[in-house]
Each structure stands twice: as C-alpha cells, then as structure tokens.
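Secondary and tertiary structure notes
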Amino acid sequence: FVAVATVAAFFISFYANKKWILTALTDEVDASLYYEIIKTGRFYNNLALEHLQAEFHTGNYNNAVAICNQKLADPKIGKNYPYIYLSFLANVYFRTGDSVRLSEVCQQVNQFLASQKKVSKSLKNWTDAIPFYEAYLSCDWDACDAFLNPEQPSTSELARVTYSYLAARVALKKGEID
C-alpha cells in the first residue's frame, strides 16, 4: 500500500509540476522561464518535444530546425510522428519568411495526411495551421481571415498572442499596415 501511495503521489506531483511548467508558456507567455525550467531537465525524462518548444518560443529557430531534422531522420519518429516536427518547421519557416521551405513542408504534411487512413484529433490539432500557411502563401485572405477567427477561440494566452501575430503578418502582407 505504501509503495502504491508513493508512486501515486509521485505521478500526481509530476502532473502538477508539468501542468505548472506548461502554464509558464501557455498562460504567462514567459518563454524564457519555460526555457530555463526545461534546460534543468529535472521534470522530464524525455525532453525532446519540450526542448523543441523552448527553443522555438525563445526564438532560437536554428536550434529548433536542427531538433526537427534530427527527429525526422529517426526512422521510428520520422515514419509515425513526422507531423509534429513538420508543423514546427512550418511555423519556423513562416516566422522567418522562408516561403520556399514553408511551401515544401506544407506539401510534406499534405502527403503524410493523404497517406493516413484516419486523421486523429491529435494529428488534426498538430497540422491545423497548414491550410493557413498555404492560404497565406497564395494570398487567399478570406481563408486566412477564416482561420484567424475561429468559432471557439482558445483560452490560452499563448494562443491569443499567436493569433494576434498571425493577424498582424496577414495585415502587413495585405498592405493594411506598414
């Protein structure tokens, strides 16, 4: 009984810490705090995705690209979960203005999606920005606006900041702002 209680307490503590750590990014939008927490390595055994998020959200795009390429080269990950790393690459290339690479990554995501018998909710969530990027690249402003005005907006502060950033990029490209 004591062993079970100890294990249960550990997992509850781990979940609570993980949830708190994530709020540093999603609610407080403090990417540098999140980065420092992740770099200590005390809360996670597998830091790959958290490390990638930390690099991305602190603007270390070269490091984020390197992590994505390393994971995509791994046969187990590259075959089964490429959409996670491709979605980060697309986001990096969008933010850095690399339209050629962004277009290539969007094509890779679409090929992966076409190869799937079923599109899970997780897969859909990870790849939901791809149509926005394609619309942006083709200057389809109606499609961009539809993406930026979802029926159920996220309650995450990070999501609100991200949507504001995307809207500003669209307005800039449309010539609505200087």
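Here the structure is shown first, and the text comes after it.
Attention here is on the structure that accompanies the text.

Rules and cut-offs
Residues numbered from 1 in each chain as written. Predicted model: local features only at pLDDT ≥ 70, side-chain atom pairs only at ≥ 80, totals over all residues. Heavy atoms only, no water. Core = buried A, V, L, I, M, F, W, Y, C linked by side-chain atoms within 4.5 Å. Buried < 20%, exposed > 50% of the residue type's maximum accessible area, 1.4 Å probe, protein only. Helix = DSSP H or I, 4+ residues; strand = E, 2+ residues; numbered from the N terminus. Contact = heavy atoms within 4.5 Å. Expected span 1.5 Å × (residues − 1). Arc of directions from axis to C-beta. Phe/Tyr/Trp six-rings, centres within 6.5 Å; stacked < 30°, edge-to-face > 60°. Salt bridge = Lys/Arg side-chain N within 4 Å of Asp/Glu carboxyl O.

A word on the nonpolar core
Proteins that are soluble and globular tend to have nonpolar side chains buried together. Counting 35 residues, the largest nonpolar core has Phe132 and Tyr133 as its most contacted members. For this core, the secondary-structure elements that each account for two or more residues are helix H3 (48-57), helix H4 (61-73), helix H6 (82-96), helix H7 (99-115), helix H9 (130-137), helix H10 (141-148) and helix H11 (157-174). Per-element tally for this core: the top contributor is H6, with 10 residues. Contacts of phenylalanine 132, omitting those with residues within four sequence positions, involve Phe94, Cys144, Phe147, Leu148, Leu166 and Val170.

Some words on H4
The end-to-end C-alpha separation of H4 is 18 Å, in line with the 18 Å expected for 13 residues at 1.5 Å each. Among the residues of H4, those classed as buried are Ala64, Val65, Ile67, Cys68 and Lys71. Down the axis of H4, the buried side of the element spans an arc of 160°, and every buried residue falls inside it. Exposed residues pointing more than 90 degrees away from the buried face of H4 are listed as Asn62, Gln70 and Ala73.

Some thoughts on the packing of aromatic side chains
Here a ring pair, both rings aromatic, is described through the centre-centre distance and the interplanar angle of the planes. As enumerated under the stated definition, the model contains 14 aromatic pairs in all. When the centroid spacing of 5.8 Å and the interplanar angle of 65° are considered together, the rings of phenylalanine 94 and phenylalanine 132 count as edge-to-face. Of this pair, phenylalanine 94 sits in helix H6 while phenylalanine 132 sits in helix H9, placing them 38 residues apart in sequence. As far as the burial class goes, phenylalanine 94 and phenylalanine 132 line up, both buried. Between tyrosine 136 and tryptophan 141, the aromatic rings sit 6.1 Å apart at their centres with planes inclined by 75°, giving edge-to-face as the arrangement.

Thoughts on unusual backbone geometry
Despite not being glycine, cysteine 139 shows a phi value in the positive range, around 60°. Position of cysteine 139 among the secondary structure elements: in the loop between H9 and H10.

So, the pattern of salt bridges
The full count for this structure, using the stated rule, is 3 salt bridges. For the salt bridge of lysine 174 with aspartate 145, the shortest nitrogen-to-oxygen distance reads 3.8 Å. Of the two residues, lysine 174 is situated in helix H11 and aspartate 145 in helix H10; the sequence distance between them amounts to 29 residues. In this structure aspartate 145 comes out as partly exposed when scored by relative accessible area, which is 30%. In this structure, glutamate 176 engages lysine 174 in a salt bridge whose closest nitrogen and oxygen atoms are separated by 3.2 Å. Linked through salt bridges whose partners overlap, the residues forming this network are Asp145, Lys174 and Glu176.

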